[in-house]
Amino acid sequence: MSRIIALVNQKGGVGKSTTAVNLGAALAVDGQKVLVVDCDPQGNTTTGFGIEKHGLHHDVYDVLMQQATIDDVAQRTELEHLMLVPATINLAGAEIELVSALSRETRLRQAVVPVASRYDYVLIDCPPSLGLLTINALTAAEEIVIPVQAEYYALEGLSQLTAVVRRVREALNPSLHVSGVLVTMFDGRTRLAMEVLDELEKYFPQQMFKTQIPRNIRLSEAPSFGKPVILFDVKSRGSQAYMALARELVAQESHAVGRP
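Residues numbered from 1 in each chain as written. Predicted model: local features only at pLDDT ≥ 70, side-chain atom pairs only at ≥ 80, totals over all residues. Heavy atoms only, no water.

Participant: Please provide a residue-by-residue account of helix H6 (residues 107–116), values included.
Facilitator: Within H6, the full set of buried residues consists of Arg107, Leu108, Ala111, Val112, Val115 and Ala116. Burial along H6 is one-sided: seen end-on, the buried residues are contained in an arc of 140 degrees. Along H6, exposed side chains directed more than 90 degrees from the buried face belong to Val113 and Pro114. Next to the buried residues of H6 lie strand S1 (3–7), strand S2 (34–38), helix H3 (60–64), helix H4 (70–73), strand S5 (121–125) and helix H7 (132–140). (Buried < 20%, exposed > 50% of the residue type's maximum accessible area, 1.4 Å probe, protein only. Helix = DSSP H or I, 4+ residues; strand = E, 2+ residues; numbered from the N terminus. Arc of directions from axis to C-beta. Contact = heavy atoms within 4.5 Å.)

Written as structure tokens, this is what we have:
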């Protein structure tokens, strides 16, 4: 059974794209077959895999407009077991164009379902908003991973996010659930980081990943080389953390985690 996971948080700069790239890469190195779908018009996940956006003729925009299939636009990466559906700035127009479209919330699900069985994991990177692109991702996915930065405003907006998840589950996707909350940019030496971790554990008592992603310079440098950190510096703390996260995710029993 393929696991379709949306990486979602309407706050920007919390590590969604970093997690899409590096969790996807760690799963692929572990031998899992992975499809990463970049649904953010900024295309940071696409860049993070070294895909040159200017040279692309088709991207996820064409998939959502039903002008191309996943197979038409999927790109090979340096990792044997990982394929990427790229995003370019074209995707910025999709939010407006989808408003009047038939089955506007289910376009991504219609595209992903036919190919999902060929992969062990489908990871969908969402934009930092709760608009139609994110709704499409939540409708296509069965699970959600929420990256949360270990900082003062970490909990701000999470109640809004869980309310949207609840509404999507009621109206469009009954199987949707939060399978994990991931703390990113974590520095356990600071009191603030530990306090944020405590608050998150109260808010999501059943769903916190044991793995935290540390602040790590190699993790920050890797995108400028167009590589996941596991290919850039396998011994770095960032690389080791994402490999631990991948093992933790694989060890989860699918759908067994508590739901909000």
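Participant: Lay out the sheet that holds strand S4 (residues 82–85) with the relevant residues and their values.
Facilitator: Ordered by their spatial adjacency, seven strands build an open sheet running S3-S4-S2-S5-S1-S6-S7, and the pairing between neighbours is mixed. Because the sheet does not close on itself, it has two edges, and the strands there are strand S3 (75–76) and strand S7 (177–184). Pairing analysis gives five bridges linking S2 to S5, with the strands arranged parallel. When the sheet's bridge partners are listed, leucine 35 is paired in S5 with valine 122. (Pairing = 2+ DSSP bridges.)

Participant: Talk me through the pattern of salt bridges; I want residue IDs and the actual numbers.
Facilitator: Under the defined criterion, the tally for this structure stands at ten salt bridges. Of the charged contacts in the structure, one is a salt bridge between arginine 218 and glutamate 221, with a shortest N-O distance of 2.7 Å. Residue arginine 218 and its partner glutamate 221 are located together in helix H10 (residues 217–221), separated by three residues, close to a single helical turn. Looking at arginine 218, the relative accessible area reads 28%, which means it is partly exposed. A relative accessible area of 27% means that glutamate 221 is categorised as partly exposed. (Salt bridge = Lys/Arg side-chain N within 4 Å of Asp/Glu carboxyl O.)

Participant: Explain the pairing of S4 to me, using residue names and the numbers behind them.
Facilitator: Consecutive side chains along a regular strand alternate between the two faces of the sheet. The alternating pattern of S4 places Leu82 and Leu84 and Met83 and Val85 on opposite faces, both of which are buried. As paired elements, S2 and S4 share four bridges and run parallel to each other. Within S4, the position partnered with valine 36 by the bridge is leucine 84. In the sheet, S3 pairs with S4 via two bridges, with the strands oriented antiparallel. Along S4, the bridge assignment pairs arginine 76 with methionine 83.

Participant: How would you sum up the nonpolar core? Please name residues and give values.
Facilitator: Among the nonpolar cores identified, the biggest contains 59 residues, and Leu35, Val37, Leu108, Val122, Ile124 and Ile146 are the most heavily contacted of them. Broken down by element, the residue count for this core peaks at six residues, all from H7. Here valine 122 is in contact with Ser2, Arg3, Ile4, Ile5, Leu35, Val37, Val112 and Ala116, once residues within four sequence places are set aside. By size, the runner-up hydrophobic cluster in this structure holds 34 residues, among which are Leu79, Val145, Ala222 and Val229. (Core = buried A, V, L, I, M, F, W, Y, C linked by side-chain atoms within 4.5 Å.)

Participant: Mind laying out empty space enclosed by the protein, listing which residues take part and the relevant values?
Facilitator: Using the criterion set out here, one finds one cavity of 30 Å³ or more in the structure. Taken as a whole, the largest cavity spans an internal volume of roughly 30 Å³. (1 Å grid on protein atoms, 1.4 Å probe; cavity = no way out; pocket = protein on both sides within 12 Å on 5 of 7 lines; lining within 4 Å. Points joined across faces, edges and corners; volume = space filled by probe spheres on them.)

Participant: Give a detailed account of helix H1 (residues 16–29), specifying residues and quantitative values.
Facilitator: A rise of 1.5 Å per residue sets the reference length of H1, with its 14 residues, at 20 Å; its end C-alpha atoms lie 20 Å apart and thus fit the reference within 8%. Judged by how many residues are buried, H1 sits mostly within the fold: twelve of 14 residues are covered. Among the residues making up H1, those that are buried are Lys16, Ser17, Thr19, Ala20, Val21, Asn22, Leu23, Gly24, Ala25, Ala26, Leu27 and Ala28. Positioned one or two residues after H1, glycine 31 has a phi angle of 100 degrees, which is positive. (Expected span 1.5 Å × (residues − 1).)

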